[in-house]
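Below are the chains, spelled out letter by letter.
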Amino acid sequence: MERALVLETVRVTEQAALAASRLVGKGDKIAVDRAGTEAMREVLNELDIDGTIVIGEGEMDEAPMLYIGEKVGKGGKNAYPVDIAVDPVEGTTVTSRGLPNGVAVIAISEKGGLVHAPDIYMDKLVVPPPAVGRVNIDWPIEANLKALATSLNRDVEDLLIVVLDRERHQDLIRGIRNAGARVKLIGDGDVIAGLAAAVRGSGVHALMGSGGAPEGVVTAAAMKCLGGEIQGRFLPADDAQRERLKQMGVTEGKVYRTEDLAPGENIVFSATGITDGDLLDGVRFFGEGARTHSIVMGYSSRIVRFIDSVHLLRKGARVTVRI
Ligand SMILES: O=P(O)(O)OC[C@H]1O[C@](O)(COP(=O)(O)O)[C@@H](O)[C@@H]1O
Ligand SMILES: [Mn+2]
Ligand SMILES: [Mn+2]
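As the structure is a prediction and not an experimental result, all values here were calculated from the model.

Criteria and cut-off values
Residues numbered from 1 in each chain as written. Chains lettered and ligands numbered in written order. Predicted model: local features only at pLDDT ≥ 70, side-chain atom pairs only at ≥ 80, totals over all residues. Heavy atoms only, no water. Helix = DSSP H or I, 4+ residues; strand = E, 2+ residues; numbered from the N terminus. Pairing = 2+ DSSP bridges. Contact = heavy atoms within 4.5 Å. Axes fitted to C-alpha atoms, helices over the stretch in contact; angles between N-to-C directions. Donors = N, O, S within 2.8 Å, 3.2 Å for Na, K, Ca; no water. Buried < 20%, exposed > 50% of the residue type's maximum accessible area, 1.4 Å probe, protein only. Patch = residues over 30% accessible without salt bridge, like charges linked within 9 Å, V, L, I, M, F, W, Y side chains within 5 Å. Areas by Shrake-Rupley, 256 points an atom, 1.4 Å probe, with all protein chains shown as cover. Salt bridge = Lys/Arg side-chain N within 4 Å of Asp/Glu carboxyl O. Domains from an automatic or database assignment. Buried area = accessible area lost by both parts, 1.4 Å probe. Core = buried A, V, L, I, M, F, W, Y, C linked by side-chain atoms within 4.5 Å.

A.B. asks: Looking at this model, I keep getting lost on unusual backbone geometry. Mind explaining?
C.D. replies: Not every positive phi belongs to a glycine, and Leu66 is a case in point at roughly 55 degrees. With respect to the helices and strands, Leu66 occurs in the loop between β1 (49–55) and β2 (71–72). Its identity is not glycine, yet Arg302 carries a phi of approximately 55 degrees, on the positive side. Tracing the sequence through the fold places Arg302 in the loop between β13 (289–298) and β14 (303–312).

A.B. asks: What should I look at first to understand the sheet that holds strand β9 (residues 229–235) in this one?
C.D. replies: Strand pairs in the sheet, formed through backbone hydrogen bonds, run parallel or antiparallel to each other. Ordered in space as β7-β6-β8-β5-β9-β10, the six strands form an open sheet in which the pairing is mixed. Taken across any chain shown, the strands that pair with only one partner, and hence form the sheet edges, are β7 (182–186) and β10 (256–257). The sheet contact formed by β9 and β10 spans two bridges and is antiparallel. If you follow Gly232 over to β10, its bridge partner there is Tyr256. Across the sheet, helix α7 (residues 213–226) is in contact with β5 (121–127), β8 (206–212) and β9; its angle to β5 comes to roughly 25 degrees.

A.B. asks: What exactly am I supposed to notice about the coordination of the manganese ion (ligand 2) here?
C.D. replies: Six octahedral donors around a metal ideally subtend angles of 90 or 180 degrees, whereas four tetrahedral donors ideally subtend 109.5 degrees. Around the manganese ion (ligand 2), the protein supplies Asp87 (OD), Glu90 (OE) and Glu215 (OE) as donor atoms, at distances of 2.0 Å. In the primary structure, the donors to the manganese ion (ligand 2) are separated according to the pattern D-x2-E-x124-E. Taken as an interatomic distance, the gap from the manganese ion (ligand 2) to the manganese ion (ligand 3) is 3.5 Å; Asp87 donates to each of them. For the pair shown, Asp87 and Glu90 are each scored as buried.

A.B. asks: Would you take a moment to explain a nonpolar patch on the surface for this structure?
C.D. replies: A cluster of nonpolar side chains, contributed by Phe286, Val310, Leu312 and Val321, occupies part of the molecular surface with about 330 Å² of accessible area. By the secondary structure assignment, Leu312 is in strand β14.

A.B. asks: Honestly, the domain arrangement of the protein in this entry has me stumped. Any pointers?
C.D. replies: Size of an interface, as often reported, equals the accessible area lost when the parts are brought together. Per the domain assignment, the segments making up the protein are domain 1 (2–111 + 267–312) and domain 2 (121–261). The distance between the C-alpha centroids of domain 1 and domain 2 comes to 23 Å. Taken together, the contact pairs 22 residues of domain 1 with 20 residues of domain 2. Carbon and sulfur atoms make up 75% of the area that domain 1 and domain 2 hide from each other, which totals about 2000 Å². Considering only the side of domain 1, the residues that lose the most area to domain 2 are Glu90, Asp278 and Leu279, jointly responsible for 26% of the buried surface there. Where domain 1 touches domain 2, the interface holds two salt bridges. A salt bridge links Glu59 to Arg244; the nearest nitrogen and oxygen atoms lie 2.8 Å apart.

A.B. asks: Any chance you could explain the coordination of the manganese ion (ligand 3) here in plain terms?
C.D. replies: Each protein donor to the manganese ion (ligand 3) is listed here as Asp87 (OD) and Val89 (O); together their distances run 2.2 to 2.3 Å. The class of Asp87 is buried, set by a relative accessible area of 11%. Using a relative accessible area of 3% as the deciding quantity, one classes Val89 as buried.

A.B. asks: What is the right way to read the environment of Arg305 from this model?
C.D. replies: Residue position: Arg305 is located in strand β14. Exposure remark for Arg305: the relative accessible area of 32% places this residue in the partly exposed category. Expressed as a C-alpha distance, the spacing of Arg305 and Arg97, which sit 208 residues apart in the sequence, is 29 Å. Non-local contacts of Arg305, meaning those with residues more than four positions away in its chain, are made with Val6, Ser294, Ile295 and Val296.

A.B. asks: Where do I start with the pairing of β8 in this structure?
C.D. replies: Within a regular strand, the side chains alternate between the two sheet faces. Summarising burial for β8: seven of the seven residues are buried, a large majority. When strand β6 (residues 160–164) meets β8, the two strands line up parallel, connected through two bridges. Paired with Val162 across the strands is Leu207, a residue of β8.

A.B. asks: Is there a simple way to think about the nonpolar core in this case?
C.D. replies: The nonpolar side chains of a soluble globular protein tend to be buried with one another. Of all hydrophobic cores here, the largest spans 50 residues; its most connected members are Leu114, Leu195, Phe234, Leu261, Phe269, Ile295 and Met297. When residues of this core are assigned to their parent elements, the largest contribution, nine residues, is made by α7. If you count residues domain by domain, this core takes at least three from each of domain 1 (2–111 + 267–312) and domain 2 (121–261). Counting 30 residues, the second largest nonpolar core, distinct from the first, contains Met40, Ile49, Ile106 and Ala290.

In structure tokens form, the structure reads like this:
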């Protein structure tokens, strides 16, 4: 299933990114999200899958499309039964403002391969492969930074830690700075920040702090493929969210690790840049068409591909492809 779907899956995020990128910097985050979601759904429905959205744009009664529980794909007896986590535009606000790190993202697994997470917050720690098993979200910040520095063979002062720029992270930011490490504050987009942390040469070494729980599951799918690690704890804000967690079989207080969040044996992950970012270039238009930049990975096939695509969008387009 995985092999068959890898190159099909990149089309899904490419088309979502192309659609959303038309609205970059126009100041309308709802329009950005709608464009990405419609395009993603259209391509998903062309695939030979019998898919169920397990992480999506929201609950059935609040999201018109790609809601949790929605069926997608061509279906039929030859279709692969799969669970799907989507975030058609991860970073709607940054995208609508023309700022970095807007991406379209998807993870697909065999049935039951991705945790069904409600749309609440999750406290997260994402680290690269050398630090797997050497950090713990329950330890004090300095202890994790020391362990991370040692595993990366550098000093704590050399580390750059990505944190979402939010009021709720004041203490965390102070703690990282006091320990001697440096902080990179981002406006949005902790999925791509987590991916960048797990990739060598991106210049960032970990992601810390709370963000969306759905994004945590998507990140876990990527960590399986990249060999990095996410540790996360669901953070219900009230009794209604606590109830929702229970319904979904999620344990409050428990630390969920990569394997808990994405237990699948067959996982395909794809992300395409909408705006330029730490890991991916954004969509570039050139009149006759557009160019997209994606990362596409398969867990059991053990392949990480960076795909640079030229889309000839204008009818009869004839372009000289430039490297
Ligand atoms: O903005 P909040 O409420 O702090 O939530 C953080 C979450 O929102 C994002 O910044 C953006 O997500 P969307 O653009 O998909 O809404 C995520 O990367 C992050 O996990
Ligand atoms: Mn998101
Ligand atoms: Mn989104």
